[in-house]
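Residue-level structural notes
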Amino acid sequence: MKKIEIGTLVRLKFKSVRYGQYKLVSEKIEHDEDKPVGIVVKRGYSGNKGPLVVKWINGNAEIGHPTGSIGYFDKYSVEKL
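I will try to describe carefully the structure that is included in this document. This structure is a prediction, so every number in the text was calculated from the model and none was measured.

Let us now look at the pattern of salt bridges. Pairing of side chains with opposite charge becomes possible as their charged atoms draw close. In total, this model carries three salt bridges according to the counting rule given. Among the salt bridges present, the one from Glu79 reaches Arg11, with a minimum N-O distance of 3.0 Å. Taken together, the positions of Glu79 in strand E7 (residues 78-80) and Arg11 in strand E1 (residues 9-12) put the pair 68 residues apart, joining distant regions of the chain. Across the salt bridge formed by Asp32 and Lys35, the nearest N and O atoms sit 3.3 Å from each other. Exposure remark for Lys35: the relative accessible area of 10% places this residue in the buried category.

Another aspect to go through is the environment of Glu30. Residue position: Glu30 is located in the loop between strand E3 (24-28) and strand E4 (37-43). Taking C-alpha positions, Glu30 is 9.0 Å from Phe14, a pair spaced 16 residues apart along the chain.

Formed by Ile4, Val10, Leu12, Ile29, Val40, Leu52, Val54, Trp56, Ile63, Phe73 and Val78, the largest nonpolar core amounts to 11 residues. Looking at this core, the elements that each hand over two or more residues are E1 and strand E5 (52-58). Among the elements that line this core, the one with the most residues is E5, at three residues. For Val78, the contacting residues outside a window of four places in its chain are Ile4, Val10, Arg11, Leu12, Lys13, Leu52 and Phe73.

Thresholds, definitions, all that
- Residues numbered from 1 in each chain as written.
- Predicted model: local features only at pLDDT ≥ 70, side-chain atom pairs only at ≥ 80, totals over all residues.
- Heavy atoms only, no water.
- Salt bridge = Lys/Arg side-chain N within 4 Å of Asp/Glu carboxyl O.
- Helix = DSSP H or I, 4+ residues; strand = E, 2+ residues; numbered from the N terminus.
- Buried < 20%, exposed > 50% of the residue type's maximum accessible area, 1.4 Å probe, protein only.
- Core = buried A, V, L, I, M, F, W, Y, C linked by side-chain atoms within 4.5 Å.
- Contact = heavy atoms within 4.5 Å.

Structure, rendered in structure tokens:
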């Protein structure tokens, strides 16, 4: 696993899909053109062991991450470009 530093370009690997009121499932995004691309802005609330704060440069609103939005992700949900 490559270490992800602040300022690194990343791409989302998984999306969350809701199948019912209580069933939320992560699914792998199959097509590369559907994966949003963002930049790591900082680490989250736990310092270096916290989640990655990603600002989406080229987002995908269909899967819930529009361009310009910010999200918190662990290092296994994103891949380094």
